[in-house]
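# Tertiary structure, described
Take a look at the letters that make up each chain.
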Amino acid sequence: MKGLIRNNFYSMESNIKTAFLMSALLIFTPFFINHPRILSVIVSVQIFIFIANIGTSLHADEVAKWNIFELTLPVDPGMVIMAKYVSFSLLIVFGLIISAFTGIVSSLLSTSADLSSIIAGYEYGLTLSLIVAAIMYPVMLKIGTEKNELIILFSAFISVILMLFIAFIVSLFSGEMAWQAALVRTISLVVSLLLFLLSYFVSLKIYKKKEF
């Protein structure tokens, strides 16, 4: 398992460095714009930016024929897929850590820093990242990684549609469309976690039947 995870990060090394650099630069955004909504967006982007680079790495593995070599390893297919999802989870954790510094900078610059905006940013970023990973990986396993950018955009679009749908359902009970309501964000996050878990089993089934 450790070797598989290590290999995943070797293939993503250059993309991870780029993601760290971009996320680190965004930490200084509050020096120029310290508006609650902008802060929420920045935190979301910092979390998502790590997952957004996965497609390129998966495509590199496919071009290098790693997927074929992987089949010869004395490991269970479940371990191979589990290593991918653990790697995805670690990337999201990286985003959470970097975005925490943005919240700290914002708090230092303003005594009225909006904690709820930071929390909302975390929830949106986590939801988007989990749903994108949950959709993106099984789709790429099924059809390949040549159109990885398009698949990531499609996955992001689906995640936004899902959050809007949840907001609509909540509005039926609350009487108003509450896209930014805490309840909507919480439900969206729970749904994204469930999709991420379900995605593992879908990916495992595809992997076992896939002919590389």
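Quick note: structure is the one above.
Structure report, in brief. (Residues numbered from 1 in each chain as written. Predicted model: local features only at pLDDT ≥ 70, side-chain atom pairs only at ≥ 80, totals over all residues. Heavy atoms only, no water.)

## A closer look at the overall build of the protein
- Helix and strand content of the protein: 9 helices and 0 strands.
- Its helices and strands in sequence order give the protein the pattern α-α-α-α-α-α-α-α-α, from N to C terminus.
- Burial status across the protein gives 46% buried among its 212 residues.
- Put simply, 80% of the contacts in the protein that link residues at least 6 apart link residues at least 24 apart. (Helix = DSSP H or I, 4+ residues; strand = E, 2+ residues; numbered from the N terminus. Buried < 20%, exposed > 50% of the residue type's maximum accessible area, 1.4 Å probe, protein only. Contact = heavy atoms within 4.5 Å.)

## Looking at the packing of aromatic side chains
- Considering all chains together, one arrives at 10 aromatic pairs under this definition.
- Ring geometry for Phe88 against Tyr137: centres 5.5 Å apart, planes inclined by 75 degrees, an arrangement best described as edge-to-face. Here Phe88, found in helix α6 (residues 77-109), pairs with Tyr137, found in helix α7 (residues 115-143); they are 49 residues apart in sequence, far enough to count as distant.
- Exposure remark for Phe88: the relative accessible area of 2% places this residue in the buried category.
- Here the aromatic cluster, defined as three or more aromatic residues joined through ring pairs, consists of Tyr85, Phe88, Tyr137, Phe196, Tyr200 and Phe201. (Phe/Tyr/Trp six-rings, centres within 6.5 Å; stacked < 30°, edge-to-face > 60°.)

## As for a nonpolar patch on the surface
- A cluster of nonpolar residues, Phe28, Phe31, Phe32, Ile33, Ile38 and Leu109, forms a patch on the protein surface that exposes about 630 Å² of accessible area.
- Here Phe32 is to be found in the loop between α2 (13-26) and α3 (36-51). (Patch = residues over 30% accessible without salt bridge, like charges linked within 9 Å, V, L, I, M, F, W, Y side chains within 5 Å. Areas by Shrake-Rupley, 256 points an atom, 1.4 Å probe, with all protein chains shown as cover. Salt bridge = Lys/Arg side-chain N within 4 Å of Asp/Glu carboxyl O.)

## With respect to the nonpolar core
- Membership of the largest hydrophobic core comes to 44 residues, with the highest contact counts inside it found for Ile51, Ile54, Ile81, Phe88, Leu91 and Val132.
- If you list the elements that add at least two residues to this core, you get α1 (2-11), α2, α3, α4 (54-63), α6, α7, α8 (148-174) and α9 (182-209).
- Counting residues per element, this core draws most heavily on α7, which supplies 10 residues.
- The residues contacting Ile54, other than those within four sequence positions of it, are Met12, Phe88, Leu91 and Met136. (Core = buried A, V, L, I, M, F, W, Y, C linked by side-chain atoms within 4.5 Å.)

## Focus on α2
- Along its 14 residues, α2 runs 20 Å from first to last C-alpha, staying within 8% of the 20 Å computed at 1.5 Å per residue.
- Residues Asn15, Ile16, Ala19 and Ser23 constitute the buried set of α2. Summarising the axial view, the buried residues of α2 lie within an arc of 100 degrees, below the 170-degree limit, and thus occupy one face. Turned more than 90 degrees away from the buried face of α2, the exposed residues are Lys17, Leu21 and Leu25. (Expected span 1.5 Å × (residues − 1). Arc of directions from axis to C-beta.)

## Quick word on the packing of α3 against α6
- In the contact formed by α3 and α6, the axes pass within 7 Å of each other and the chain directions differ by 155 degrees. What the angle tells us is that α3 and α6 run roughly antiparallel. Judged by the sense of rotation from one axis to the other, the crossing of α3 with α6 is right-handed. Contacts between α3 and α6 involve Leu39, Ile42, Val43, Gln46, Ile47, Phe50 and Ile51 on the former and, on the latter, Phe88, Leu91, Ile92, Phe94, Gly95, Leu96, Ile98, Ser99, Thr102 and Ser106.
- A class-by-class count of the residues in the contact of α3 with α6 yields 12 nonpolar, 5 polar and no charged. (Axes fitted to C-alpha atoms, helices over the stretch in contact; angles between N-to-C directions. Parallel < 35°, antiparallel > 145°, perpendicular 65-115°, else oblique. Left-handed = near helix turned anticlockwise from the far one by under 90°. Nonpolar A, V, L, I, M, F, W, Y, C, P; charged D, E, K, R; others polar.)

## Focus on the pattern of salt bridges
- Within the structure shown, the criterion is met by 1 salt bridge.
- A salt bridge links Arg185 to Glu123; the shortest N-O distance between them is 2.4 Å. Of this pair, Arg185 sits in helix α9 while Glu123 is found in helix α7, placing the two residues 62 residues apart along the sequence. Both residues of the pair, Arg185 and Glu123, belong to the buried class.

## Focus: α3
- End to end, α3 covers 24 Å across 16 residues, agreeing with the expected 22 Å (1.5 Å per residue, within 8%).
- All of the buried residues in α3 are Leu39, Ser40, Ile42, Val43, Ser44, Gln46, Ile47, Phe48, Ile49, Phe50 and Ile51.

## Brief notes about the environment of Val75
- If you trace the backbone, Val75 turns up in the loop between α5 (66-70) and α6.
- According to the relative accessible area criterion, Val75 is partly exposed, its value standing at 32%.
- Along the backbone, Val75 and Leu4 are 71 residues apart, and their C-alpha atoms lie at a distance of 9.5 Å.
- When near neighbours in sequence (up to four residues on either side) are disregarded, Val75 contacts Leu4 and Val80.

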